[in-house]
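The primary structure of each chain is shown beneath.
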Amino acid sequence: MPTENLSDKRMSKFKNKGKEPTKMRDRRIAECVELRKAHKVEGIMKRRNISSVGDEEPLSPEYNTDNKQVISEAIQEIVANVNNECPEKQRQGCQAARKLLSRERNPPLKEIVEAGLLTRFVEFLGRNDDPTLQFEAAWSLTNVASGTSWHTQQVVEHGAVPAFIALLASPMLNISEQAVWALGNIAGDGPSYRDALIDCGVIPALLARLTPDAPVGYLRNLTWTLSNLCRNKNPFPRFSAVQQMLPSIIQLLHHSDKSILSDACWAISYLTDGPNERIDVVIKTGVLPRLVELLGFEELAVVTPALRSIGNIVSGSDLQTQAAIDAGVLSALPLLMRHPKSSVQKEAAWAVSNIAAGPCQQIQQLITCGLLAPLVDLLRNGDFKTQREAVWAVTNYTSGGTVDQVVHLVKCGALEAILNLLQAKDAKTVLVILDAINNIFLAAEKLGEVDKLCLLVEEVGGLDRIEFLQNHENNAVYRAAQALIEKYFSEVAGYRCT
Amino acid sequence: MELNDGNLQTLTEYLQKTLSPDPAVRRPAEKFLESVEGNQNYPILLLTLLEKSQDEVIRVCAAVTFKNYIKRNWRIVEDEPNKISDPDRTAIKANIVNLMLTSPEQIQKQLSDAISILGREDFPQKWPDLLTEMVNRFQSGDFHIINGVLRTAHSLFKRYRHEFKSNELWSEIKLVLDTFAQPLTELFKATIDLCQTHATDVNALKVLFSSLTLISKLFYSLNFQDLPEFFEDNMETWMTHFHNLLTLDNKLLQTEDEEEAGLLELLKSQICDNAALYAQKYDEEFQPYLPRFVTAIWNLLVTTGQEVKYDLLVSNAIQFLASVCERPHYKHLFEDQNVLTSICEKVIVPNMEFRSADEEAFEDNAEEYIIRDLEGSDIDTRRRAACDLVRGLCKFFEGPVTGIFSGYVSSMLTEYAKNPGVNWKHKDAAIYLVTSLASKAQTQKHGITQANELVNLCEFFVNHILVDLKSPSVNEFPVLKADAIKYVMTFRSQLPKEQLLEAVPLLVAHLQAESIVQHTYAAHALERLFTMRGANNATLITPAEMAPFTEQLLNNLFKALAIPGSSENEYMMKAIMRSFSLLQEAIVPYIPTLIGQLTHKLLLVSKNPSKPHFNHYLFESLCLSIRITCKANRDTVGSFEEALFPVFTEILQNDVQEFVPYVFQVMSLLLEIHTSSIPSSYMALFPHLLQPVLWERTGNIPPLVRLLQAYLEKGATTIASTAADKIPGLLGVFQKLIASKANDHQGFYLLNSIVEHMPPDSITQYRKQIFILLFQRLQSSKTTKFVKSFMVFINLYCVKYGAIALQEIFDDIQPKMFGMVVEKIIIPEVQKVSGQVEKKICAVGITKILTECPAMMDTEYTKLWTPLLQALIGLFELPEDDSIPDDEHFIDIEDTPGYQTAFSQLAFAGKKEHDPIGDAVNNPKILLAQSLHKLSTACPGRVPSMLSTSLPAEALQFLQGYLQAATVQLV
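Residues numbered from 1 in each chain as written. Chains lettered and ligands numbered in written order. Predicted model: local features only at pLDDT ≥ 70, side-chain atom pairs only at ≥ 80, totals over all residues. Heavy atoms only, no water.

**Q** Looking at this structure, I do not really get the UniProt feature "repeat: ARM" (unreviewed entry) in chain A. What am I missing?
**A** Residue and element names in this part refer to chain A. Cross-referencing UniProt, the feature "repeat: ARM" (unreviewed entry) maps to residues 159–187 and 244–286 in the present numbering. End C-alpha to end C-alpha, residues 159–187 measures 15 Å, and it is 79% helix and 0% strand. Here residues 244–286 is 77% helix and 0% strand, with 16 Å between the C-alpha atoms at its ends. (UniProt positions renumbered as here; feature names shortened; annotations may be inferred. Helix = DSSP H or I, 4+ residues; strand = E, 2+ residues; numbered from the N terminus.)

Take a look at the structure:
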């Protein structure tokens, strides 16, 4: 029968195994409560049109004030004009509203809605006889829809959606463009309006305007609106819609305009931020080589979403990850890990952590393509968010890698670097590091080199840090530290039955 | 319990009694209070007393009792009764904040603690108005009240500093930020303004500065998990004020006390922490402010004195610099040679000096000194912080920094040489610099031992360390001696073996030093040297090399245990253990004397076990004595029993809980050494081992199971013949263990020993019941661990009693049950069995089921025959399936009730792996081939036809391989 010694060892292995479910790769950027400011580099959900039309005079002072009295009077005048039967007056009122809604600071969205103007504006959208009026109304509604969810809801509930979709086909490019924009704002509000738009047939209507002769500005808006139609989870946009849009998005991904590229990349990143079936649909289009190519671009606006897409894809199945590797992603990552922007470093480290969660063949490719040196650099010099991802990479690597691979990683200086990070002010990171240390010890056990590893850990000051963690307030951390100490650094260690 | 004067009076009397020094008065009163605390209104009575009692002592006592009551009872545990009635809960929450705020400080602190316990459970969902209630008090303008609120908030929010990110936690923080961040900021600004207004009023300042410190602590907690939007937007306000406060000094707030940190120091330390937090985690956003903080903190360090009261401030401040200087984009702040030199001179060197406080600790508080210096709990000390700073600086400026320090080292050594008696501290500082700063790791760049840029380690050893070690007056300059010993320990893997061997006898001599630190370090250094491994993984230092010093070593180690202050010195005892382990048979001649000393020590410490490590090594040393001596001559086991049993009996009789598990382990070791039958002295103890009370303690279970296994191995027949009436008791233990998810594997160990060793007749009548119990557990909670153990057990049973017996016992419980077990358990789960021996048992057992069980060939079980064979081939050929269902990961932890003495396993009492099948089967694959061959000759044609119809080609191919290897053919 087994002795206590052996069986206990086995049981601890059993437990550790359990702590790291094979789903580590699934550690996505989940939808969750945020304390931080909304991220500046993310794709934009809604936009207000604050450009001014070429020959227009600057806003008169009365439009630029926060004085409630003045604004309320201005709105009363707008209401009067808009409700007037005279087209000239209507145009005038509508334009005045648009100007108010387009000013840089504190546009009175709520006041315009409460003045009951939306019904009229939506009505004006159908006035094919008066393109100017259509345009002004479309612009105003676009800007109202760019507000909060409540504002968007007002626009939708006034029946603007079918009207805008109809306007997409307008022969007047500026009107069609404004409709594209408004629909983008509505789609960006969330999954339910996005799906409502899709139900109304917005996709074919948009794609019909995607022609070689369309001007760049128009295409930018169109791409952005398409990206919003790909956006948001719970639920995801349905497969048929995705299938409809994908070929065009791929096409846009080859455009030369950076802003179009950026939004097309964001679209891909939304589509890949989901379960593996979602990722599959994207991979099947053969887009990977182009994405990898975009990783090499200079513009942050392109690199960020391209990298996010790649990161999502390598968080998928082993096969999907392999597809990304085969497309050359590993030769692009080292540069990004040394990118001047820490946000890029962080995303790159995240991608590496997901690849490191794969089978040992993929880990081998990380070694072959020279990713360990930049990874260790990030552990040493990255900012905290990057270090955190790099630590995950080490833990994933050490739990799936072969003994030789683990040894190689230690030789590259990763052990010393993570031991140093045991001072991090984040309990989770500390725990993940302790896991990695444990994995490295398991490898050392297989080689019979526990003593040597103990000495190494002690010499680089790691033992002190682990011992100190036995006082950590977080139970899981203190238990993990204690387990390491007891297993490898207590008296029993170093003894062999003779 | 009614809320009336009578009850208040009674309660007052009992509270009074709980303060009595006389246990005869105190204990019954405590018992009484415990017995009534379940009653409704009890907490309300306490609150009434702490508010209204005339007696100050009773008020405080009621507050403490209340807090402890809350601590024990507030939490609602699933499946357990709610221990506090809902009306009481509501009443407590409605009143406690106000009560806390209006109470004097002593009571306020207790209530504040109680609130944080309540808050931990109820906040925010079940206590929605707590935050607003607190925020409203900020308006009161009364800083006694405000500080109460701040202190409570601190105890509520400080967990944000160590908990894992979760949506639940972050939602709570978000809620707190929404309500609290703005008012806190306003309060911060207002408090700072008030400090200006009251700049000359010391009492007002004291209160205001405690508020500022608490506010700074809250800032730390609220900003810990991530940088909140609010604080990002208000960074200017906070950082500007923090910066000003760092540079502020006020004579009125300076304290006379040298030890206790004053308000200014506490506040500034916290601000350093806050700045370090931002620098580490929110680098990007904090960048514009950082240089200012570097300058301010740097100035602070240069102007702060050596007194102990500044320790926390100084170490936090240095840690801040340390964390900043190694970030690539702040490198330029430190680059200048003058800056580096002055950091080294003015910050690092002064903080590495041996201060008079260190000297006092060295002499009078050796234990604490050692813990701090040796075990890394010096994390908050100046020395440690200074070392970290040097390490940080070396990242980018290794050359210049090393240059500066080498200069220092030599100049300090020169100073020392001029007048050692006066300047010995200079040498201490020099050695400290070298031991903390010299690179200890053998990097490829540095080659093996030489070429350390700071100093040449070997030369330094020869020129400066050996002198002290060799000094004929062992007790002179104990600090330098301790330094020298520590040097050997620290650089043990860098120094060549000859130098270590030169040091060994010197270290042995230092074991006799009067200074506790010194002889402890000597013991520790020897212990470390003895664990070092050389070529072929043998110990670096061999017993032969130790031969000339063996006697001296053992003598000095044991003599040191007689030095006052070291009678339970764990380092000494560990060194004894390690020496035994290294020297092996060389210690045999000394054992007769030493065992007496060890048992005597054991007897002494068992009166009042207080040093767990010491005791552990003591038992390890006993085990080693036994193993080593009995390895040379088994017959000596009797003399050990003679020496140890009297003490063991006393330990067991007095139920010395800490020692009981150790005693069982040593007894197991002794019993296992016996070759013939079990001695009667053990049999006399047997009934006692089955007492349920012993099995209640978690820590006893593994060693007791092991001991019972030893009984079964050595004395199964004796038990069957002379103690058959104890068999139900033995099975009762099994039944209890099997019922627990945490201990079921222990139950199987026991059961397997019973099956393996007990004469079959003696347990016939119990067999069916055993199987029924196992089935009940399978039905009620089937875990992977249980299934694995179960599988090993049934296969062992099969090996021992035969396949037919196994099939019959199942089918006897319920018709067709055997088929179910094969189909639902063995076939799908056998791949999970782990361990060489376990796999072998299963392989042999399954082979028997396949080939020696007629029912498998002739009944409806036949359809299971090929799948079972396939599973067996899988067991041979496929990797182990170590997956576990998600809900089982932490079974053992959840199942362990509370904190009980953990099982302390003795390494040197370790047991060899036991293979019940042994040499009877060398290669289970060959056995399978031979058994199949035999089966096929008994019923020609059937086996090949079953194989060809349903065994997958791959499995068949493996099987062909086995048949070939066994040179048999199926017919």
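**Q** Hey, could you run me through the side chain of B:His745 in this one?
**A** Relative to the helices and strands, B:His745 is located in helix 37 (residues 744–757). Reaching out from B:His745, the side chain makes a polar contact with the backbone oxygen of B:Ala742 at a distance of 3.4 Å. (Polar contact = N/O pair within 3.5 Å; in protein donor to acceptor, adjacent residues only side chain to side chain.)

**Q** How should the confidence of the model for chain A be read in this particular structure?
**A** Close reading of the predicted structure is inappropriate where its pLDDT is low. Taken residue by residue, chain A gives an average pLDDT of 87. The fraction at 70 or more is 88%. A low-confidence stretch, residues 1–23 of chain A stays under pLDDT 50, and its non-local contacts, those more than four residues away or across chains, total 46 contacts. (pLDDT = per-residue confidence, 0-100. Contact = heavy atoms within 4.5 Å.)

**Q** Please clarify how the nonpolar core should be interpreted in this entry.
**A** Note that soluble globular proteins tend to have their nonpolar side chains buried in a common cluster. The biggest cluster of nonpolar side chains holds 347 residues, and the ones touching the most others in it are B:Phe180, B:Phe320 and B:Trp865. With near-sequence residues (within four places) excluded, B:Phe320 lies in contact with B:Cys272, B:Ala275, B:Ala276, B:Ala279, B:Leu290, B:Phe293, B:Val294 and B:Ile297. Counting 157 residues, the second-largest nonpolar core is a separate cluster that includes A:Ala182, A:Ile250, A:Trp266 and A:Ile363. (Core = buried A, V, L, I, M, F, W, Y, C linked by side-chain atoms within 4.5 Å. Buried < 20%, exposed > 50% of the residue type's maximum accessible area, 1.4 Å probe, protein only.)

**Q** Would you explain the environment of B:Ile873 in this entry?
**A** Residue and element names in this part refer to chain B. Looking at the element boundaries, Ile873 is found in helix 44 (residues 862–877). Taking relative accessible area as the criterion, Ile873 reaches 2% and is therefore assigned buried. Expressed as a C-alpha distance, the spacing of Ile873 and Ala586, which sit 287 residues apart in the sequence, is 50 Å. Apart from the residues within four sequence positions on either side, Ile873 is in contact with Leu951, Ala955, Phe958, Leu959 and Tyr962.

**Q** I would appreciate a short explanation of the layout of surface pockets in the present structure.
**A** The probe, sized like a water molecule, is rolled over the atoms to show the empty space still left. Residue and element names in this part refer to chain B. Roughly 600 Å³ of internal volume is contained in the second largest pocket. In this structure, the second largest pocket is lined by 25 residues; those nearest its centre are Asp311, Arg355, Ala357, Asp358 and Arg372. When contributions to the lining of the second largest pocket are tallied by element, the ones reaching two or more residues are helix 17 (337–352), helix 18 (356–364), helix 19 (366–374) and helix 20 (382–418). The leading source of residues in the lining of the second largest pocket is helix 18, at five residues. Split by residue class, the lining of the second largest pocket holds six nonpolar, five polar and 14 charged. (1 Å grid on protein atoms, 1.4 Å probe; cavity = no way out; pocket = protein on both sides within 12 Å on 5 of 7 lines; lining within 4 Å. Points joined across faces, edges and corners; volume = space filled by probe spheres on them. Nonpolar A, V, L, I, M, F, W, Y, C, P; charged D, E, K, R; others polar.)

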